[in-house]
Every structure is written in structure tokens, then in C-alpha cells.
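So you can see what is in the structure, the chains are spelled out below.
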Amino acid sequence: MPGITLGDTVPNLEVETTHKNFKLHDYFADSWTVLFSHPGDFTPVCTTELGAMGKYAHEFEQRGVKLLGLSCDDIQSHKDWIPDIEAFTPGSKVTYPIIADPNKEIIPQLNMVDPIENGPSRALHIVGPDCKIKLSFLYPSTTGRNMDEVLRALDSLLMAAKHKNKIATPVNWKPDEPVVISPAVSDEEAKKLFPQGFKTAELPSKKGYLRVADVS
Ligand code: BEZ
């Protein structure tokens with residue numbers, strides 16, 4: 001997937017959305033944002049995905065995280081599509097803005113192109129308050145995303161950021177579960193950072209690199 005990737009600053013494009021026009025950096029300012037693209041309006045998988053985002057919107061709001069959709073059609077088409085999205089997923093309200101990209105000029109600049117289809121993709125970037133990409137997913141048009149996983153990955157990023165990346169989250173981690181201590185942190189530093197203590201897994205190598213701490 002050539003183009004902007006982890007650690008890169010998202011270009012400060014002026015975008016037209018279902019809410020108003022704005023520059024991306026103004027939208028990203030001071031909070032985390034989930035930016036997610038879709039192949040097109042009035043398509044079945046996208047309709048389910050945008051509905052799920054609408055249903056999960058309160059989860060993102062509780063975390064102070066903004067949502068921003070993108071679909072490769074125009075604003076009128078997006079507005080006409082929203083009633084379908086909300087009708088298909090009961091309890092869903094599309095309260096987040098959706099960017100219009102009818103000429104497919106924005107998706108290459110945001111690295112949201114499906115390289116197999118050479119067209120719009122199911123891409124998703126989680127963007128930090130510094131306007132840099134912290135995580136990216138790229139799914140083919142035939143596979144709808146899992147919003148629980150989006151939320152779980154976001155919670156991992158927020159947890160790591162809260163601990164200045166001195167911790168990481170292990171496989172299948174969920175909030176309230178123990179985290180692991182980064183290999184860059186010495187045992188001496190770990191004792192100061194985690195006064196409540198941490199456990200070092202006893203492994204055949206005896207290298208002591210897998211240290212688990214409860215930070216909840
Ligand atoms: C869909 O959203 O359902 C879809 C879009 C493009 C290709 C296949 C499925």
C-alpha cells in the first residue's frame with residue numbers, strides 16, 4: 001500500500017463533507033480521529049458498516065474520539081443514502097460527517113486505494129491529535145470490518161499513549177486486562193513506573209523479557 005503510513009502526517013486537505021467543508025487538520029485538532037473509507041454509496045457491505053459506526057458512535061464519543069467517513073460519491077448521494085443506513089441498523093444515527101470524493105481525487109492522497117481493484121478501498125486510519133497516522137487497516141471490498149476490533153485497537157492505542165508507549169497490549173487484549181512492559185524499559189525503570197509491581201514470565205530462555213503489569 002504505497003503512500004502515507006504509520007507515523008506520517010495526514011495531508012491537510014480541504015474536504016467537502018455532509019456537515020460542512022473543513023481542513024482535515026482542523027477536524028483532527030486536539031483529539032483522536034477514526035477516518036474510514038468506503039467503496040461507494042448504496043452498496044450492501046458499506047451500508048452495514050456505516051450503520052455499525054452510527055451505533056458505536058457513543059463509544060467513540062465517550063473516549064473523546066471523532067469519527068470521519070469517506071465514500072467515493074457526492075454529498076447529495078451521501079445525504080440520500082443516510083436514511084437507508086439508519087433504517088438497516090436499528091439504533092444507528094449517522095451523526096459523523098462523511099467526506100465526498102466523487103472524482104476519487106482524495107483517496108490516493110490519504111492512501112485509501114485498493115491496489116488490487118485500483119479503486120476505493122475499505123481503509124481505516126486512526127489519527128492522533130498530532131495529525132499523524134497511528135494505525136491503519138486495509139480490507140478488500142468483499143470483507144466488512146469488525147467495529148469491536150476497531151474499538152479494541154483504539155483502546156490499545158489510547159492505553160499505550162497514556163503510558164508514553166512504555167507499555168504494549170498483548171494478543172486479544174481488552175481494557176481492564178493486564179498489559180506488557182515494553183522491552184525498551186529496564187527492570188529498574190519498570191519498578192518505578194509500576195510501584196504496584198509486575199510479574200516476569202518464567203520462560204525456557206530465562207531472558208526475562210515478558211513482563212506483565214496490571215494498570216487498571
Ligand atoms: C459493498 O459495500 O457491499 C461492496 C462494495 C464494492 C464491492 C463489493 C461490495
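Residues numbered from 1 in each chain as written. Predicted model: local features only at pLDDT ≥ 70, side-chain atom pairs only at ≥ 80, totals over all residues. Heavy atoms only, no water.

An unreviewed UniProt entry lists the chain under the name Peroxiredoxin, with Brassica campestris as the source organism. Word for word, the UniProt comment on the chain under Sequence similarities (unreviewed entry) is "Belongs to the peroxiredoxin family. Prx6 subfamily." (UniProt positions renumbered as here; feature names shortened; annotations may be inferred.)

Novice: Help me out: how do you make sense of the pairing of strand 9 (residues 133–139) in this one?
Specialist: Each regular strand shows side chains that alternate between the opposite faces of the sheet. Both strand 8 (residues 122–127) and strand 9 contribute to a ladder of six bridges, which runs antiparallel. For histidine 125, the partnering residue across the bridge sits in strand 9 and is serine 136. Linking two consecutive strands that pair antiparallel, namely strand 8 and strand 9, is a turn of five residues; a positive phi of about 70° is found at cysteine 131 within it. (Pairing = 2+ DSSP bridges. Helix = DSSP H or I, 4+ residues; strand = E, 2+ residues; numbered from the N terminus.)

Novice: Explain the state of the cysteines to me, please; I cannot follow it from the model alone.
Specialist: All chains considered together, the criterion is met by zero disulfides. Among the cysteines around cysteine 72, which has no disulfide bond, cysteine 46 carries the closest sulfur, lying 9.6 Å off. (Disulfide = S-S within 2.5 Å.)

Novice: It is not clear to me how the UniProt feature "active site" (unreviewed entry) in the chain should be interpreted in this structure. Could you clarify?
Specialist: Residues annotated in UniProt with the feature "active site" (unreviewed entry) correspond here to Cys46. For cysteine 46, a relative accessible area of 1% gives the class buried. (Buried < 20%, exposed > 50% of the residue type's maximum accessible area, 1.4 Å probe, protein only.)

Novice: Sorry, what's going on with the sheet that holds strand 8 here?
Specialist: Neighbouring strands of a sheet are bound in pairs by backbone hydrogen bonds; such pairs are parallel or else antiparallel. Judged by pairing direction, the sheet is mixed, and its five strands sit side by side in the order 5-4-3-8-9 without closing on themselves. In this open sheet, the two strands that pair with only one neighbour each are strand 5 (98–100) and strand 9. Pairs of neighbouring strands in the sheet enclose a mean axial angle of 20°, with direction left out of account. Relative to strand 5, strand 4 (residues 65–71) runs parallel, the two sharing three bridges. Residue pairing in the sheet places leucine 70 in a bridge with isoleucine 99 of strand 5. Contacts between helix 5 (residues 147–162) and the sheet are confined to strand 3 (32–38), strand 4, strand 8 and strand 9, with strand 9 contributing the most and set at about 160° to the helix. (Axes fitted to C-alpha atoms, helices over the stretch in contact; angles between N-to-C directions. Contact = heavy atoms within 4.5 Å.)

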